[in-house]
Amino acid sequence: MENSKLPNAIAILVLGILSIITCWCYGLFGMVLAIIGMYLTHNDLKTYNQSPEKYDNYSLLNTGKILCIIGIIMNAIMILYIIWFIKMIGLETFKDPVLLQEKLKHLQNLGR
């Protein structure tokens, strides 16, 4: 009897890779992809644990799970960075371009 493949293993791997790549999109899009990947991982792990001898691509599933976890961490860091940045600049600053430039120059001088 030939072993079959776990149904979502490749999709989980792709979602994990995309969640890492898209973490620079304000962290939200990548976070959604990683969470979807983790949900699919949970479902495939249930399937695998029922009869592990039937499936031969568990390593692909495990790699996708690790990538989704890394994606969640990277996206969380990006979201926290954006929250910090907005806190440093202030929401009212985004309405006035001149004030925004002044605040950015001030932050740039702090970094030196």
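All of the points below concern the structure found in this document. Here the structure is a predicted model, which is why all the values come from computation and not from measurement.

1. Some points on the overall build of the chain
Working step 1: Counting its regular elements, the chain contains four helices and zero strands.
Working step 2: What you see in the chain, going N to C, is helices and strands ordered as α-α-α-α.
Working step 3: Over its C-alpha atoms the chain spans a radius of gyration of 20 Å, topping by over 25% the 13 Å that the globule rule assigns to 112 residues.
Working step 4: If you line up the chain on its principal axes, its C-alpha atoms span 70 × 25 × 15 Å.
Working step 5: Across the chain, the fraction of contacts at a sequence separation of at least 24, relative to all contacts at a separation of at least 6, is 71%.
Working step 6: Surface summary for the chain: the accessible area is close to 7700 Å², and the carbon and sulfur share equals 68%.
Working step 7: In the chain, the 9 positive side-chain charges and the 7 negative ones have mean positions that sit 9 Å from each other.

2. Structural notes on the environment of Leu-100
Working step 1: Summarising the element assignment, Leu-100 is placed in helix α4 (residues 97-110).
Working step 2: With 16 residues separating them along the chain, Leu-100 and Trp-84 place their C-alpha atoms 15 Å apart.
Working step 3: In this structure Leu-100 touches Ile-89, Thr-93 and Phe-94, once residues within four positions along its chain are discounted.

3. Brief notes about the packing of helix α2 (residues 28-50) against helix α3 (residues 58-89)
Working step 1: It is at 8 Å that the axes of α2 and α3 come closest, and there the two elements cross at 150°. Taken as axis vectors, α2 and α3 run roughly antiparallel relative to one another. In this structure, the crossing between α2 and α3 has a hand that is left-handed. Taking contact as the criterion, the partners of Leu-28, Gly-30, Met-31, Ala-34, Gly-37, Met-38, Thr-41, Asp-44, Leu-45 and Tyr-48 in α2 are, on α3, Tyr-58, Leu-61, Lys-65, Cys-68, Ile-69, Gly-71, Ile-72, Asn-75, Ala-76 and Ile-79.

4. A look at helix α1 (residues 9-21)
Working step 1: Between its first and last C-alpha, α1 extends 19 Å over 13 residues, near the 18 Å set by a 1.5 Å rise per residue.
Working step 2: Elements that come into contact with the buried residues of α1 comprise α2 and α3.

5. Description of the environment of Ile-82
Working step 1: With respect to the helices and strands, Ile-82 occurs in helix α3.
Working step 2: Sequence-wise, Ile-82 and Tyr-26 are 56 residues apart; in three dimensions their C-alpha atoms are separated by 7.2 Å.

6. Thoughts on the nonpolar core
Buried together is how nonpolar side chains tend to be arranged in soluble globular proteins.
Working step 1: Counting 10 residues, the largest nonpolar core is built from Leu-6, Ala-9, Ile-12, Leu-15, Leu-33, Leu-40, Tyr-48, Tyr-55, Leu-61 and Cys-68.
Working step 2: When contributions to this core are tallied by element, the ones reaching two or more residues are α1, α2 and α3.

7. Quick look at the packing of aromatic side chains
Working step 1: Enumeration over the complete set of coordinates arrives at three aromatic pairs.
Working step 2: Summarising the aromatic geometry, the rings of Tyr-48 and Tyr-58 are spaced 4.5 Å apart at their centres and angled 20° between planes, so their arrangement reads as stacked. Pair noted here: Tyr-48 is in helix α2 and Tyr-58 is in helix α3, with a separation of 10 residues, a long-range link.
Working step 3: One aromatic cluster in this structure is built from Tyr-81, Trp-84 and Phe-85.

Calculation rules
- Residues numbered from 1 in each chain as written.
- Predicted model: local features only at pLDDT ≥ 70, side-chain atom pairs only at ≥ 80, totals over all residues.
- Heavy atoms only, no water.
- Helix = DSSP H or I, 4+ residues; strand = E, 2+ residues; numbered from the N terminus.
- Rg over C-alpha atoms; globule rule 2.2 N^0.38 Å.
- Contact = heavy atoms within 4.5 Å.
- Areas by Shrake-Rupley, 256 points an atom, 1.4 Å probe, with all protein chains shown as cover.
- Lys, Arg positive; Asp, Glu negative; His and termini not counted.
- Charge placed at Lys NZ, Arg CZ, Asp CG, Glu CD.
- Axes fitted to C-alpha atoms, helices over the stretch in contact; angles between N-to-C directions.
- Parallel < 35°, antiparallel > 145°, perpendicular 65-115°, else oblique.
- Left-handed = near helix turned anticlockwise from the far one by under 90°.
- Expected span 1.5 Å × (residues − 1).
- Core = buried A, V, L, I, M, F, W, Y, C linked by side-chain atoms within 4.5 Å.
- Buried < 20%, exposed > 50% of the residue type's maximum accessible area, 1.4 Å probe, protein only.
- Phe/Tyr/Trp six-rings, centres within 6.5 Å; stacked < 30°, edge-to-face > 60°.

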